[in-house]
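# Inside the fold
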Amino acid sequence: MKKFIISLLAAGALALPSLANAADYKIMAPAAPGGGWDQTARTMQTALQDEGISGSVQVTNVPGAGGTIGLAQFVNQASGDPTSLIVGGYVMVGAILTNASPVSLKDVTPIARLTGESEAIVVPAASDIKSMDDLVAQLKADPGSVSWAGGSAGGTDHIAAGLIAKAVGVDPTKINYIAYSGGGEALAAILGGQVTAGISGYGEFASQVEAGALRLIAVSGDTRIPGADAPTLKEAGVDVVLQNWRMVAAAPGLSDEQKAAVTADIEKMAKSKSWQDALAAKGWADTFLAGPAFEEQLAKDITATEGILKDIGLVK
Amino acid sequence: MDTFSLLAGGLLTALQPMSLVYAFIGVLLGTAVGVLPGIGPALTVALLLPVTYKLDPAGSLIMFAGIYYGGMYGGSTTSILLNTPGESASIITALEGNKMARAGRGGPALATAAIGSFIAGLVATIALAFLAPTVVKLALSFGPADYFALMVLAFVTVSAAFGSSALMGLTSLFIGLTLGLVGIDLQTGQARLAFGVPDLLDGIEVTTLAVALFAIGETLAVAGAGARAPDKIEPVRGSVWMTAADWGRSWKPWLRGTAIGFPIGAMPAGGAEIGTFLSYAAERRLTKHPEEFGHGAIEGVAGPEAANNASAAGTLVPLLTLGLPTSATAAIMLAGFQQFGLQPGPLLFINSPQLVWGLIASLLVANFMLLILNLPLVGLWVRLLAIPRAWLYAGILTFSTLGTIGANPSQVELGMLLGFGLLGYGLRRFGYPIAPVVIGLILGPLAEQQLRRALAISQGDLLVLVQSPLAIALYLIAAAALLIPLVMRLRGRGEVLNQLAADED
Amino acid sequence: MSELGSQRDERRPDRAALVIAAGLAVLSGVIFWNTASIGTAGSYARIGPTAFPYAIAGALLLISIGTALRAWRGHFPVREADEPAPILWIVGGLAAQMLLLKVAGFAIATGILFALTARGFGRGPLWMTLPIGIGLSLAIWLVFARLLQLSLPAGPLERLFL
């Protein structure tokens, strides 16, 4: 309900110009209105229409189970339809595995990665832990004494914590991960000093970091975040690179020409001023990547995620 | 003082004639949409927010505040008159409010809700303005062990909503707790009671359960009673206004509800509904008319309604100072604030004092406008009950399903609506209370997650549960709430307690 | 279950209530059975995802026994006979709305719910209430889907306005 509602705002604000014509594109957001995937879909809708790439774009929401309900419906209903698109992301990779979903990303035609966000590792300002080194030392000494607050079990935050443990030679099943049902609740627990460290998307913590209530000790992307004074995990000596990316995919069963046409449209959109302005307004990083390079990265992410989820013990 | 001059400046802007017109339109729209059964305040605000985009910032802020208060009040109206709460925080209002409405006392019930909301909103908004930084510090010191203690207290007080039989109340509560198990376990990612249905993995939506049990269950029960039920309910018996006795019985619950609701709303994991449960339980224990509870006691409307509104203002504390949305309504408000260029967070009061004080002034003015607009309308709302019930209930089902379809147009969701509707009918038929089912669905998962978090952080050390002074205090209150009536009854003292004894079967 | 209501002797076992007791026992059994299949991954909390389900299932079993005893003694509240026909009309309306929503769209599906509910309360005839219900639902669709941007399923009628 919560997600649904925030969304409606976005919906109301963004969907106004779409009034006429047959839909050139139908974008499915496999989440309730308001969340990241829904916002991505609706931002695409605006950009595609504003730039005249598509006369009219419809967005539908099919929420539930980390996007796997929407994905299954998309695979069944859109097969062979070159005007159907689905938004998704890294979270889906994990959800497909943990929910034992009957369909996977292999059943759709991935088109491009659009945006990405680094995970951030923070500690309360009053904490004795001053750097990633301190955290790693404590983790190695007694993994149970480091409680990590983040999103739900098996999600990006949990995977990131598992990867960090594995990279520094700690058994990932031994991490003491405390799941919270939304960034807000986890943030309150970190600010209140209830847990040792927090791990979540950088956007969740940005304002508290600026205000000095939280100490940012590392970010998970391959480059530093501009304006934030913290090393990447790699720079801090932990060999983990992880991005919570969002992508767009097309229906299964497309011909090569159809796939090329969709890719061209999406590429045009991603380069457009309307899209770039929207990214800047929302603070999303442009990580556009299409074609074979994207497919390669996707395959790599799926393998790594499968490995770490097995290591943590969430997937048998 | 700086605070005062800023607030005065905000009030001056908010009291401009044009601002008052915007506030009026906002309250009117908010009430009109919020009053539809099945559409709660959160959805009302979300739907109407885009209307405010076209105004200048000051105007849109005040219209937004009006929509917010209008939606809150509209939700209570359907809860009282039609027994169809649009969200979890007004379920308790329906308990006594609807009984009053059926006895022809819908007018006083609506009036005490409106005035109680006004007073709670006024006091809590002022508290927000002057105490926010202190309150937020206190709220953040609540750890998982303290939250678990709070849940234990809430569970103890649920018994106040049990009705005549403890066995039946517990049955309802445990059905709710069972429903709360459904879905993926947050801590471990394991699916429980989902039986391979993907739609069940995210758990059961509280709104769906509440709308089904109350609106659909009620419709089926009334239809099944056939000729036994009167075709129309007498909308007004006695005065449509509050009598002197009503005032006398309402003012203390208003203040107590405010005092309970505001701090609980300010806690990041408190939840608006818990304040209403505690307020209802408190009023039931303190009332001089215990025989009326369960049959339409005005205290049972006045207290929870004040608690509901005070906790709504309380949720603004973490929202404005930390940027934490802790309820559905707060989540929309956050989106709304961002639209007005207000960036909630620790630096908000420093970076944009004009906007914050403008918002607080707008809330005060809109709150006042709500009272002016709605008190005269009470007589009109009560007339809703005069609609022949075939059209009334057909309309209720239309709007109730609209809310569910709008949130998630899936057949599984509508199937649950039908299934839980039949459950609601069955419960009514055999005299089981309804509210504990919804309370179980809300409290069960909260209690379980907080307990497991507390134990995980302490690495399994059970002592952590009783180490904080806050938790100990909460356990003591819970023990007192449980034991004092028992002890007093054993001693056979006082009429009040005899009544309580009779209630417990 | 309804015919039992008024003719029941105070002290006779309440058969419908015994069915409730059995239902609660079955619910408890389902939770036990379902929870047994959940793996208990090692956790620092010591109580894992199975502790609460087992506790709730155990409590339900006790409640079921208590209900059975009470039903046996006939201590359930007296019920008056309910009419099944109106209930079936309304349940039919809700089921029709659920099944038709995707195919026929919001207005037709909800209009049928409206008309069947009115029928359940003895108002008709359907040839009159159906158009009223569909018209009302279409108006709701226009306000909420077009004006307020709520996403409601569209069918043949709604497409006329798209």
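About the thresholds
Residues numbered from 1 in each chain as written. Chains lettered and ligands numbered in written order. Predicted model: local features only at pLDDT ≥ 70, side-chain atom pairs only at ≥ 80, totals over all residues. Heavy atoms only, no water. Helix = DSSP H or I, 4+ residues; strand = E, 2+ residues; numbered from the N terminus. Buried < 20%, exposed > 50% of the residue type's maximum accessible area, 1.4 Å probe, protein only. Contact = heavy atoms within 4.5 Å. Areas by Shrake-Rupley, 256 points an atom, 1.4 Å probe, with all protein chains shown as cover. Domains from an automatic or database assignment. Buried area = accessible area lost by both parts, 1.4 Å probe. Salt bridge = Lys/Arg side-chain N within 4 Å of Asp/Glu carboxyl O. Polar contact = N/O pair within 3.5 Å; in protein donor to acceptor, adjacent residues only side chain to side chain. pLDDT = per-residue confidence, 0-100. Pairing = 2+ DSSP bridges. Phe/Tyr/Trp six-rings, centres within 6.5 Å; stacked < 30°, edge-to-face > 60°. Axes fitted to C-alpha atoms, helices over the stretch in contact; angles between N-to-C directions. Parallel < 35°, antiparallel > 145°, perpendicular 65-115°, else oblique. Left-handed = near helix turned anticlockwise from the far one by under 90°. Nonpolar A, V, L, I, M, F, W, Y, C, P; charged D, E, K, R; others polar. Expected span 1.5 Å × (residues − 1).

### Structural notes on the overall build of chain C
Helix and strand content of chain C: five helices and zero strands. Going residue by residue from the N terminus, the α and β elements of chain C occur as α-α-α-α-α. Within chain C, the proportion of its 162 residues that are buried is 45%. Restricting to contacts in chain C with at least 6 residues of sequence separation, those with at least 24 account for 59%. Of the roughly 7900 Å² of accessible surface on chain C, a fraction of 69% belongs to carbon and sulfur atoms.

### With respect to the domain arrangement of chain A
Residues and elements named next belong to chain A. Considered domain by domain, chain A is made up of domain 1 (24-116 + 245-311) and domain 2 (117-219). Just the C-alpha atoms count here: the centres of domain 1 and domain 2 sit 28 Å apart. Listed per partner, the contact involves seven residues of domain 1 and 10 residues of domain 2. Both faces considered, domain 1 and domain 2 share a buried interface measuring about 780 Å² in area, 68% of it formed by carbon and sulfur atoms. Among the residues of domain 1 in contact with domain 2, Tyr90, Ile308 and Asp311 are the three that bury the most area, contributing 61% of the side total. The shortest N-O distance in the salt bridge between aspartate 311 and lysine 166 comes to 2.7 Å. In this assembly, domain 1 and domain 2 are joined by one residue pair in polar contact (both at pLDDT 80 or more). Going through the elements one at a time, α4 (90-98) and α11 (291-312) are the ones with two or more residues in the side of domain 1 that touches domain 2.

### Topic: the confidence of the model for chain A
Scored by pLDDT, chain A comes out at a mean of 80, with 89% of its residues at no less than 70. Segment residues 1-23 of chain A is flagged for pLDDT under 50; beyond a separation of four residues in sequence, or across chains, it makes 63 contacts in the model.

### Describing the pairing of strand β2 (residues 57-61) of chain A
Residue and element names in this part refer to chain A. In β2, alternate side chains face the same way, and those of Val57, Val59 and Asn61 are buried while those of Gln58 and Thr60 on the opposite face are not. Judged from the five bridges that link them, strand β1 (residues 25-29) and β2 form a sheet pairing that is parallel. When the bridges of β2 are listed, alanine 29 appears paired with asparagine 61.

### Things to note about the packing of aromatic side chains
Summed over all chains, the structure comprises 10 aromatic pairs over all chains. Considering the side-chain rings of tyrosine 280 of chain B and phenylalanine 293 of chain B, the 5.7 Å spacing of their centres and the 65° angle between planes classify their relative orientation as edge-to-face. Remark: phenylalanine 293 of chain B occurs in the loop between α11 (272-286) and α12 (299-322) and tyrosine 280 of chain B occurs in helix α11; sequence separation between them is 13 residues. The pair tyrosine 280 of chain B / phenylalanine 293 of chain B is uniform in exposure class, with both members buried. Look at tyrosine 393 of chain B and phenylalanine 121 of chain C: their rings are 5.3 Å apart centre to centre, the planes differ by 10°, and that puts the pair in the stacked class. Within this pair, whereas tyrosine 393 of chain B is found in helix α16 (residues 389-407), its partner phenylalanine 121 of chain C is found in the loop between α3 (84-120) and α4 (126-147), the two belonging to separate chains.

### Quick look at the packing of α3 of chain C against α4 of chain C
All names here are of chain C. Interhelical geometry of α3 versus α4 gives an angle of 135° and a closest axis separation of 7 Å. Here α3 lies oblique to α4, going by the angle between them. Here α3 and α4 pass one another in a crossing that is right-handed. Between α3 and α4, the contacting residues are Phe106, Ala107, Ile108, Thr110, Gly111, Ile112, Phe114, Ala115, Leu116, Ala118 and Arg119 on the first element and Leu126, Thr129, Leu130, Ile132, Gly133, Ile134, Leu136, Ser137, Leu138, Ile140 and Trp141 on the second. Split into classes, the residues belonging to the contact of α3 with α4 amount to 16 nonpolar, five polar and one charged.

### Here we look at helix α4 (residues 57-82) of chain B
All names here are of chain B. Compared with an ideal rise of 1.5 Å per residue, which puts 26 residues at 38 Å, α4 spans 37 Å between its outermost C-alpha atoms and is within 8% of the ideal. In terms of burial, α4 is largely enclosed, as 24 of its 26 residues are buried. Residue asparagine 83 follows α4 closely and has a positive phi angle near 60°.

### Thoughts on the interface of chain C and chain B
Every contact between the two is made by 62 residues of chain C and, on the other side, 67 residues of chain B. Taking both sides of the interface into account, the surface hidden between chain C and chain B amounts to around 5900 Å²; carbon and sulfur atoms contribute 75%. Applying the counting criterion to the chain C and chain B interface returns one salt bridge. Here aspartate 82 of chain C ties to arginine 429 of chain B by a salt bridge, and the two come within 3.9 Å at their closest N and O atoms. Examining the composition of the side of chain C that touches chain B, we find that 17 residues originate from one element, α3 of chain C, more than from any other. Taken together, the residues of the side of chain C that touches chain B break down into 42 nonpolar, 12 polar and eight charged.

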